[in-house]
Amino acid sequence: MRLHTSLPLERANAIITEALRLGREAKLLPLTVVVLDAGGKMVAMQCEDGSGVIRFEVAFGKAYGALGMGISSRLIRDRLKDRPTFQASLATASGGQLIPVPGGVLIENADGITLGAVGISGDTSDKDEYCAIEGIKAAGYSSEPAEPDPDWRTSSLSDHYPASE
């Protein structure tokens, strides 16, 4: 049997490698990166040393939610911020696997066909999303959203973790 692969392992690993490199360059907290194919199957995943024990579930939920809704997790958050009942219904329908905050980014080819999604968790959602978008671009794909939030550098988890410069 021969299957058509929507997202080759080599390209998924390239996305992860670049996302983690950018995280280190920006001095982000330890990241977990998950890459799913168009069917929601995990192609690749890496956790940096020191990444929290539920970061995988959060990263997976960001990517899975983006695939499930056909839009980035940032857009899910923005569209559902005033619809908590629907947001809760989506979480229930997905078996709790939908995380509606930035960091879940769709991977698209040159024709705009969705090939999969990247989910990242570890730092602020905007910083996670930045690494996902730039990792996707470095692997030769397009992303949805096309660009990170322009203020991603200034997002901060708390006074204990000031924004990277």
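Here the structure is shown first, and the text comes after it.
Throughout what follows, the structure given in this document is the object of discussion. (Residues numbered from 1 in each chain as written. Predicted model: local features only at pLDDT ≥ 70, side-chain atom pairs only at ≥ 80, totals over all residues. Heavy atoms only, no water.)

**Observations regarding the nonpolar core**
We apply this condition: Nonpolar cores were defined as sets of buried Ala, Val, Leu, Ile, Met, Phe, Trp, Tyr and Cys residues, with membership established by side-chain atoms within 4.5 Å. For the exposure calls, accessible area comes from a 1.4 Å probe over protein chains only, and a residue counts as buried if that area is under 20% of its type's maximum, exposed if over 50%, partly exposed in between. Secondary structure follows DSSP: runs of H or I at least 4 residues long count as helices, runs of E at least 2 residues long count as strands, and numbering of each begins at the N terminus. By definition in these notes, contact holds between two residues if any of their heavy atoms fall within 4.5 Å.
Counting residues in hydrophobic clusters, the biggest one holds 26 residues, and the most contacted among them are I15, V35, I107, V118, I120, C131 and Y141. When residues of this core are traced back to their parent elements, those giving at least two are α1 (9-25), β1 (32-37), β3 (104-108), β4 (114-121) and α5 (125-138). Top contributing element to this core by residue count: α1, with 6 residues. Ignoring anything within four residues of it in the chain, the contact list for I107 reads L7, I15, V35, I113, T114, L115, G116, A117, V118, I136, Y141 and S142.

**Considerations on the packing of aromatic side chains**
The description of an aromatic ring pair rests on the distance of the ring centres and on the angle between the ring planes. The following threshold applies: Working definition: rings of Phe, Tyr and Trp (its six-membered ring) pair if their centres are within 6.5 Å, and the pair is stacked with planes under 30 degrees apart, edge-to-face with planes over 60 apart, and tilted otherwise. The rule for a charge over a ring is simple: NZ of Lys or CZ of Arg within 6 Å of the ring centre, and within 35 degrees of the ring normal.
This model, assessed by the stated rule, comprises 3 aromatic pairs. Plain terms: the ring middles of F56 and F60 are 5.9 Å apart, the flat faces sit at 35° to each other, and that makes the pair tilted. One end of the pair, F56, and the other, F60, are both in helix α2 (residues 55-69), 4 residues apart, so they sit about a helical turn from each other. The exposure class assigned to F56 is partly exposed, which follows from its relative accessible area of 24%. By relative accessible area, F60 is classed as buried at 15%. Here the aromatic rings of Y130 and W152 are separated by 3.7 Å at their centres, their planes lie at 5°, and the arrangement is stacked. With a gap of 22 residues between them, Y130 in helix α5 and W152 in the segment after β5 (142-144) connect regions that are remote in the sequence. For W152, a relative accessible area of 7% puts it in the buried group. Through a chain of ring-to-ring contacts, three or more aromatic side chains come together here, namely F56, F60 and Y64. Its guanidinium or amino end placed over the ring of Y141, R11 lies 4.0 Å from that ring's centre, counting from NZ or CZ.

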